[in-house]
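Single-letter residue listing:
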Amino acid sequence: MANIYTLRAFLFGEWSSDVRLDGKTVIITGANTGIGKETTRDLAKRGARIIMACRDIPKAEVTQREIIEDSGNQNIVIRKLDLSDTKSIREFAEIINNEEKQLHILINNAGVMMCPYSKTADGFEMQIGVNHLGHFLLTFLLIDLLKKSAPSRIILLSSMAHSWGTIKLDDINSEKSYHSRRVYGQSKLANILCTRSLGRRLKDTGVTVYAVHPGIVRTELKRHMNLGLLFLWKVVRPFTKTTVQGAQTTVYCAVEPSLQSETGGYYSNCGLSSCTRAARDDEMAEKLWELSCQMLGISWD
Ligand SMILES: NC(=O)c1ccc[n+]([C@@H]2O[C@H](COP(=O)([O-])OP(=O)(O)OC[C@H]3O[C@@H](n4cnc5c(N)ncnc54)[C@H](OP(=O)(O)O)[C@@H]3O)[C@@H](O)[C@H]2O)c1
């Protein structure tokens, strides 16, 4: 019987658990659509207080209403967060630190893929700026609350696309050359390296960290794909996941009790998965950590 469930988990990312989250507080970035929305719905049904961290408030309100109606959980709130602007990230964190007594699960889910070259408000290239640096700063600003609320968890949405890129320490903002697919890969590689570094730094604090590849999921993420990739997408579409299936590994990492003793790993299809050698390079992880701190003007230690 266990084998059937393992096979289904492998093929469809299906997993089920009746773990409840009553009394727990969760933040989900990019909660208004796609994988973030279905993660919000699942955790709302488990009774958590959910803070939807979104940049588009009217869009988030539509999702909020739908999820409250569907889950019967009234404790779903929206707070504005634009990860492409460190001022917005700092304002968001200040509100959370002032208003919330506890934070048990931080889900760094929001992301942008293969957009035309552009910069964040602080002059960072958009994909590394939102997918890595924005979430890096957010985690830094919320870490004391997470530690105070331990056992607590941090989940970073990465991707198998981490294999598309390398970390360009000498051109992290892709000013010398920009290849949108490779730069997306760089940002998702940064998510895994950051998970490893965070896992090491948070050892024995009760805060554990997980990187997730959700699968290839039918969401709005592909909005910037070129025609060639869109054609490829149409071919593989029958083998892609729905957003509900795509949310399963995030939910697994957020609630599965046996993961409490694990940290710093990379998960897919509701289980530990393998990543590239570059994603296991702890020397690079430390260099990226230092560069990120320097770019954001922060000091963790
Ligand atoms: N879909 C896949 O096949 C796949 C595969 C591997 C990894 N992932 C990862 O999974 C995560 C979720 O992706 P998805 O597929 O659900 O994509 P999606 O449907 O495009 O959702 C992305 C979310 O991120 C938000 N976002 C983008 N830029 C933001 C910013 N500057 N500030 C705040 N929020 C921002 C979006 O907000 P708006 O609605 O306002 O744009 C949206 O809520 C991403 O990190 C992605 O890299 C997805």
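Residues numbered from 1 in each chain as written. Predicted model: local features only at pLDDT ≥ 70, side-chain atom pairs only at ≥ 80, totals over all residues. Heavy atoms only, no water.

## Considerations on the overall build of the protein
Inference 1: The number of helices and strands found in the protein is nine helices and eight strands.
Inference 2: Here the protein has a C-alpha radius of gyration of 18 Å; the compact-globule value for 301 residues is 19 Å, and the two agree.
Inference 3: Within the span of the protein, comprising 301 residues, buried residues form 55% of the whole.
Inference 4: Long-range contacts, defined as pairs at least 24 residues apart, comprise 77% of the intrachain contacts of the protein with a sequence gap of at least 6.
Inference 5: Just so you have it, the protein exposes about 13,900 Å², and 53% of that area is on carbon and sulfur atoms. (Helix = DSSP H or I, 4+ residues; strand = E, 2+ residues; numbered from the N terminus. Rg over C-alpha atoms; globule rule 2.2 N^0.38 Å. Buried < 20%, exposed > 50% of the residue type's maximum accessible area, 1.4 Å probe, protein only. Contact = heavy atoms within 4.5 Å. Areas by Shrake-Rupley, 256 points an atom, 1.4 Å probe, with all protein chains shown as cover.)

## So, the site of the ligand
Inference 1: In the vicinity of the ligand there are 30 residues, among which Asn32, Lys59, Tyr184, Val217 and Thr219 approach most closely.
Inference 2: In the environment of the ligand, a nitrogen atom lies 3.0 Å from a nitrogen or oxygen atom belonging to the side chain of Asp82.
Inference 3: One nitrogen or oxygen atom from the main chain of Val217 is found 2.7 Å from an oxygen atom belonging to the ligand.
Inference 4: Coverage of the ligand by the protein chains reaches 95% of its 890 Å² of free accessible surface.
Inference 5: Of the residues belonging to the shell around the ligand, the class tally is 11 nonpolar, 12 polar and seven charged. (Near = heavy atom within 4 Å. Polar contact = N/O pair within 3.5 Å; in protein donor to acceptor, adjacent residues only side chain to side chain. Nonpolar A, V, L, I, M, F, W, Y, C, P; charged D, E, K, R; others polar.)

## Digging into the environment of Gln64
Inference 1: Note that Gln64 resides in helix H3 (residues 57-71).
Inference 2: You can call Gln64 buried: its relative accessible area is 17%.
Inference 3: Along the chain, Gln64 and Trp164 lie 100 residues apart, while their C-alpha atoms are 35 Å from each other.
Inference 4: Apart from the residues within four sequence positions on either side, Gln64 is in contact with Met52, Ile76, Val77 and Ile78.

## Thoughts on the environment of Thr39
Inference 1: Relative to the elements of secondary structure, Thr39 occurs in helix H2 (residues 34-45).
Inference 2: Assessed through its relative accessible area of 1%, Thr39 is described here as buried.
Inference 3: Along the primary structure Thr39 and Arg223 are separated by 184 residues, whereas in three dimensions their C-alpha atoms are 21 Å apart.
Inference 4: Within the local environment of Thr39, its side chain forms a polar contact with the backbone oxygen of Ile35, the two atoms lying 2.7 Å apart.

## Focus: the packing of aromatic side chains
Inference 1: Applying the stated rule across the entire model yields eight aromatic pairs.
Inference 2: Taking the centre distance of 4.8 Å and the plane angle of 80° together, the rings of Tyr117 and Tyr178 count as edge-to-face. Here Tyr178 lies in the loop between strand E5 (152-157) and helix H6 (180-201) and Tyr117 lies in the loop between strand E4 (105-108) and helix H5 (126-148), a separation of 61 residues in the sequence.
Inference 3: The class of Tyr117 is partly exposed, set by a relative accessible area of 35%.
Inference 4: Judged by relative accessible area, Tyr178 falls into the partly exposed class, the value being 26%.
Inference 5: Every member of this aromatic cluster is reached through a ring pair, and the members are Phe136, Phe140, Trp289 and Trp300.
Inference 6: The positively charged end of Arg181 is found above the aromatic ring belonging to Trp164, 5.2 Å away from the centroid.
Inference 7: Looking at Arg201, its charged tip hangs above the ring of Trp289, at a distance of 4.0 Å from the centre. (Phe/Tyr/Trp six-rings, centres within 6.5 Å; stacked < 30°, edge-to-face > 60°. Lys NZ or Arg CZ within 6 Å of the ring centre and 35° of its normal.)

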